[in-house]
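An overview of the molecular structure
In case you want the letters, here they are:
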Amino acid sequence: ATLYFSYTYDLTNSSQRNASIDDPSWKTADTRFFWNHYLTEELQELSAKDAALGEFIQPVIYGYVKLVDYIFRSTPISVGLISRRSRFRAGTRYFRRGIDEQGNVSNFNETEQVLVVQTNTASVSHLFSFLQTRGSVPVYWAEINDLKYKPQLVLKEGSSLDAAEKHFAEQKALYGENYLVNLVNQSGHELPVKDAYESTVNALDDPKIHYVYFDFHHECSGMKWHRVKLLIDHLSNMGLKNSDFFHAIISSEGTIKRVVNEQKSAVRTNCMDCLDRTNVVQSVLAHWVLQKELETAGVIPCLLYTSDAADDGESV
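All values derive from a computational prediction rather than experimental measurement. (Residues numbered from 1 in each chain as written. Predicted model: local features only at pLDDT ≥ 70, side-chain atom pairs only at ≥ 80, totals over all residues. Heavy atoms only, no water.)

1. Considerations on the overall build of the protein
Selection criterion: Secondary structure elements are defined from DSSP: runs of H or I of at least 4 residues count as helices, runs of E of at least 2 residues count as strands, and each element is numbered from the N terminus. For a compact globule the rule gives 2.2 Å times the number of residues to the power 0.38, and the radius of gyration it is set against comes from C-alpha atoms. The classification of residues rests on relative accessible area computed with a 1.4 Å probe and restricted to protein chains. Under 20% of the type maximum is buried, over 50% is exposed, and intermediate values are partly exposed. Contacts between residues were defined by any pair of non-hydrogen atoms, one from each residue, lying within 4.5 Å. Using a 1.4 Å probe, accessible areas were evaluated by the Shrake-Rupley method; residue-level cover was limited to the displayed protein chains. Within this scheme the basic residues Lys and Arg register as positive and the acidic residues Asp and Glu register as negative, but His and the chain ends are omitted. Positions of charges follow a simple convention, taking NZ of Lys, CZ of Arg, CG of Asp or CD of Glu.
Each helix and strand in the protein was counted, giving eight helices and 12 strands. Relative to a compact globule of 316 residues, whose C-alpha radius of gyration would be 20 Å, the protein shows 21 Å and is just as compact. For the protein, the proportion of its 316 residues judged to be buried stands at 48%. For the protein, long-range pairs separated by at least 24 residues make up 65% of all intrachain contacts whose partners lie at least 6 apart in sequence. Entry remark: accessible area of the protein is about 16,400 Å², with carbon and sulfur atoms responsible for 53%. Both charge centroids of the protein, one from 31 positive and one from 40 negative side chains, sit 2 Å from each other.

2. So, the packing of aromatic side chains
Quick reminder of the rule: Centres within 6.5 Å are what make two rings of Phe, Tyr or Trp a pair, Trp counting through its six-membered ring; a difference in plane orientation under 30 degrees is then read as stacked, over 60 as edge-to-face, and the rest as tilted. Definition used: whenever NZ (Lys) or CZ (Arg) falls within 6 Å of the ring centre and also within 35 degrees of the ring normal, the charge is taken to sit over that ring.
Counted under the stated rule, the structure contains five aromatic pairs. On the basis of an interplanar angle of 50° and a centroid distance of 4.8 Å, the ring pair of W35 and Y62 is categorised as tilted. Taken as a pair, W35 in the loop between α1 (15-19) and α2 (41-47) and Y62 in strand β2 (residues 61-72) lie far apart in primary sequence, 27 residues in all. Y62 gets classed as partly exposed once you look at its relative accessible area, which sits at 25%. The ring centre of Y140 lies 4.6 Å from the NZ or CZ of K156, which sits over that ring. A cation over a ring is seen here: K194 above Y213, with NZ or CZ 4.6 Å from the ring centre.

3. Topic: helix α3 (residues 161-175)
The cut-off we apply is this: To estimate how far a helix should extend, the number of its residues minus one is multiplied by 1.5 Å. The arc in question is traced by the directions running from the helix axis to the C-beta atoms.
Taking 1.5 Å of rise per residue, the 15 residues of α3 would be expected to cover 21 Å, and the 20 Å separating its terminal C-alpha atoms lies within 8% of that figure. Turning to α3, its buried residues number three or more, namely A163, A164, H167, F168, Q171 and Y175. Each buried residue of α3 lies within a common arc of 120° when the element is viewed along its axis, so the set occupies one face. In α3, the exposed residues that point more than 90 degrees away from the buried face are D162 and A173. Of the residues flanking the end of α3, it is G176, one or two places downstream, whose phi is positive at about 85°.

4. Digging into the environment of G80
Checked against the element boundaries, G80 lands in strand β3 (residues 75-85). Sequence separation between G80 and L231 is 151 residues, and the spatial gap between their C-alpha atoms is 25 Å. Once you skip the residues sitting within four places of it in the chain, G80 turns out to touch K66, L67, E112, Q113 and V114.

5. Quick notes on the nonpolar core
Using the following cut-off: Put simply, a nonpolar core is a bunch of buried Ala, Val, Leu, Ile, Met, Phe, Trp, Tyr and Cys residues held in one set by side-chain atoms that sit within 4.5 Å of each other.
V181, L231, L235 and V281 are the most contacted members of the largest nonpolar core, which has 29 residues in total. Of all elements in the fold, only β4 (109-118), β5 (124-134), β8 (177-182), α6 (229-238) and α7 (276-296) reach the threshold of two or more residues within this core. For this core, the element with the highest residue contribution is α7, accounting for six residues. Aside from chain neighbours lying at most four places away, what touches L235 is Y179, V181, V212, L240 and L285. Within the second largest apolar cluster, 15 residues are counted, among which are V139, A164, A196 and M272.

6. What about the side chain of D10?
Using the following cut-off: One side-chain nitrogen of Lys or Arg within 4 Å of one carboxyl oxygen of Asp or Glu is enough to make a salt bridge. Residues adjacent in sequence count toward polar contacts only when both atoms are side-chain atoms; beyond that, a polar contact is any pair of N or O atoms within 3.5 Å, and within protein one must be able to donate a hydrogen and the other to accept it.
Positionally, D10 belongs in the loop between β1 (3-4) and α1. Buried charge without a partner: D10 forms no salt bridge, and the closest opposite charge is R84, 7.0 Å away. For D10, the side chain forms a polar contact with the side chain of N13, separated by 2.7 Å. Setting aside anything within four residues of it in sequence, one finds D10 in contact with N18, T28 and A29.

7. Overview of the confidence of the model for the protein
For clarity, the threshold we go by: Per-residue confidence from the predictor is reported as pLDDT, a score between 0 and 100.
When pLDDT is averaged along the protein, the result is 92; 96% of the residues meet or exceed 70. Counting contacts from residues 306-316, a segment whose pLDDT is below 50, to residues more than four positions away or on other chains yields 21 contacts.

8. Some words on the environment of V281
Topologically, V281 is positioned in helix α7. Its relative accessible area of 0% is what places V281 among the buried residues. Each C-alpha atom of the pair V281 and K229 lies 8.8 Å from the other, and the pair is 52 residues apart in sequence. Those residues in contact with V281 that sit more than four places away from it in its chain are V181, L183, F216, V228, L231 and T269.

9. Focus on helix α4 (residues 191-204)
The first and last C-alpha atoms of α4 sit 20 Å apart over 14 residues, in line with the 20 Å expected at 1.5 Å per residue. Within α4, the full set of buried residues consists of V193, K194, A196, Y197, T200, V201 and L204. Each buried residue of α4 sits inside an arc of 165° when the element is viewed along its axis, so together they form one side. Looking at the buried residues of α4, the elements they touch are β6 (141-144), β7 (152-155), α3, β8, β9 (209-213) and β12 (265-270).

10. Examining unusual backbone geometry
Trans peptide bonds make up most of the peptide bonds, and negative phi angles are found at most residues other than glycine. Its identity is not glycine, yet R73 carries a phi of approximately 55°, on the positive side. Positionally, R73 belongs in the loop between β2 and β3. Positioned with a positive phi, Y94 is a non-glycine residue whose angle comes to about 75°. Its location among the elements puts Y94 in the loop between β3 and β4. A residue is classified by how much of its surface remains accessible, and Y94, at 23% relative accessible area, is partly exposed.

The following block contains the structure:
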């Protein structure tokens, strides 16, 4: 199944956003991920006259939800993954590309890694949440579908600057500083998209937008996926920290007792389809942050990460 809902928890919002919502309902749902928003519009309008009708509005997300309970180093933990797909500019591969005039990009997803660690005191636990985003290259581009394996790629004439500015204005408002990881190839079919993205980011000249290009196929050839850690070195030098996650102390009932830290930045990753290459990079970043979360909760000892680890795929 790809459609998920919960009667007791707002899946459209991240743990951090939910922490600031006193009385959650469909009205406080993140409209980007409220997948059945259009289907419930009539009920939404009627609930303005009869509030009781609002009880029949149940936000649904399109994506993925899974939570696994585990005993790690004698400590009960729960690890979860929630992926939310935006309802704006939705469509299938090849038929939906790039950005629209409102700043919405195709294939936009917000993925949340959740970790709950039980403390020695059973009445409270640590709650960690880490958000990453992915989305199509935010410029006007498309692929003309025909019988060829690789459709012809076209870039729309004129600047994408206004649309990209709207896109990143929203991204900054929602996530803080944005670290843009571009994984498209720097030659051949994908080169025009890479060049258009870089020229747009350079034109924006925004200090809260940090762009890095990573030649995935060159660096990770021969299935050397661990070399993505070279990208972590670049991001760290630009200011990204693996301690930048949401951290709260929660009761045994799941209510937040105290917020320890809030996530103030997000990594936005893309390749051409926002699929395979993006998945590999996001998983490595998630592992990097998960290690720090487990250290913070005292489950594992603090480990030092060095660039040498990029050669053998290990932390030292």
